[in-house]
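What follows is each chain in one-letter form.
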Amino acid sequence: MQQLAKRPQLTGRAAILAVVVCAIAMSLAYPVREYISLRRSIAEHRAEKARVEAEKQTLLARDRQSDDPNWIKKTAKERLHYCGPGEKCYVVMDQRQIKEQTAVQQPPALPPWYQTLWESVEAADKGTGRRAVTGKESVGQS
């Protein structure tokens, strides 16, 4: 029997082929990644364009609507409580609004000028140095 010569597992040609395949794969990896990234960016921009276009159409419809005199009258009545000549209009106040208006506290009334003057004289006499109350300060501050 003839003994076959044992050949090496990795020949020179196979090594060169492996290096070439790796080089091609490495050189294509970055452009493919950029291509995918740009496609995603294009899709996002198209979606943004569609949103802006829809908003534009809404604004154009609102602009056309504002040219209608009946819409203007209706809006004036709803928003500004406008009442046309010869019409009787009533505004019904909500109880919560009335309570909120009464809940707003008025700033405390300032004492009369002579009381403020007398308190400052007494403070100077006693040496406490308490300042008189002015319009921008609240009562009781030192």
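Residues numbered from 1 in each chain as written. Predicted model: local features only at pLDDT ≥ 70, side-chain atom pairs only at ≥ 80, totals over all residues. Heavy atoms only, no water.

What follows concerns the overall build of the protein chain. Secondary structure summary: the protein chain contains 4 helices and 0 strands in total. Reading the protein chain from its N terminus to its C terminus gives the helix and strand order α-α-α-α. Expressed as a percentage of its 142 residues, the buried residues of the protein chain come to 5%. (Helix = DSSP H or I, 4+ residues; strand = E, 2+ residues; numbered from the N terminus. Buried < 20%, exposed > 50% of the residue type's maximum accessible area, 1.4 Å probe, protein only.)

Its 12 residues place the ends of helix α2 (residues 69-80) 16 Å apart at the C-alpha level, agreeing with the 16 Å of an ideal helix rising 1.5 Å per residue. Taken from the residues just after α2, His-81 is the one with a positive phi, measuring 55°. (Expected span 1.5 Å × (residues − 1).)

The next point concerns the confidence of the model for the protein chain. Mean pLDDT for the protein chain: 81, with 77% of residues reaching 70 or above. Within the protein chain, helix α1 (residues 12-66) carries the highest mean pLDDT (92), whereas helix α3 (residues 95-103) carries the lowest (67). Every residue in residues 138-142 scores below 50 in pLDDT, and together they form 4 contacts with partners more than four places removed in sequence or on other chains. (pLDDT = per-residue confidence, 0-100. Contact = heavy atoms within 4.5 Å.)

Next up on the list: the pattern of salt bridges. If you walk through the whole model with that rule in mind, you get 4 salt bridges. Between Glu-48 and Arg-51 there is a salt bridge, with the nearest N and O atoms lying 2.7 Å from each other. In this pair, Glu-48 and Arg-51 are both assigned in helix α1, 3 residues apart and thus about one turn of the helix distant. On the accessibility criterion, Glu-48 (39% relative accessible area) is partly exposed. Arg-51 sits in the partly exposed class, given a relative accessible area of 44%. Between Lys-77 and Glu-87 there is a salt bridge, with its nearest N and O atoms 3.0 Å apart. Of this pair, Lys-77 sits in helix α2 while Glu-87 sits in the loop between α2 and α3, and the two are 10 residues apart along the sequence. Of the residues examined, Lys-77 reaches a relative accessible area of 37% and is grouped as partly exposed. On the accessibility criterion, Glu-87 (36% relative accessible area) is partly exposed. Connected through shared salt-bridge partners, Glu-48, Arg-51 and Glu-55 make up one network. (Salt bridge = Lys/Arg side-chain N within 4 Å of Asp/Glu carboxyl O.)

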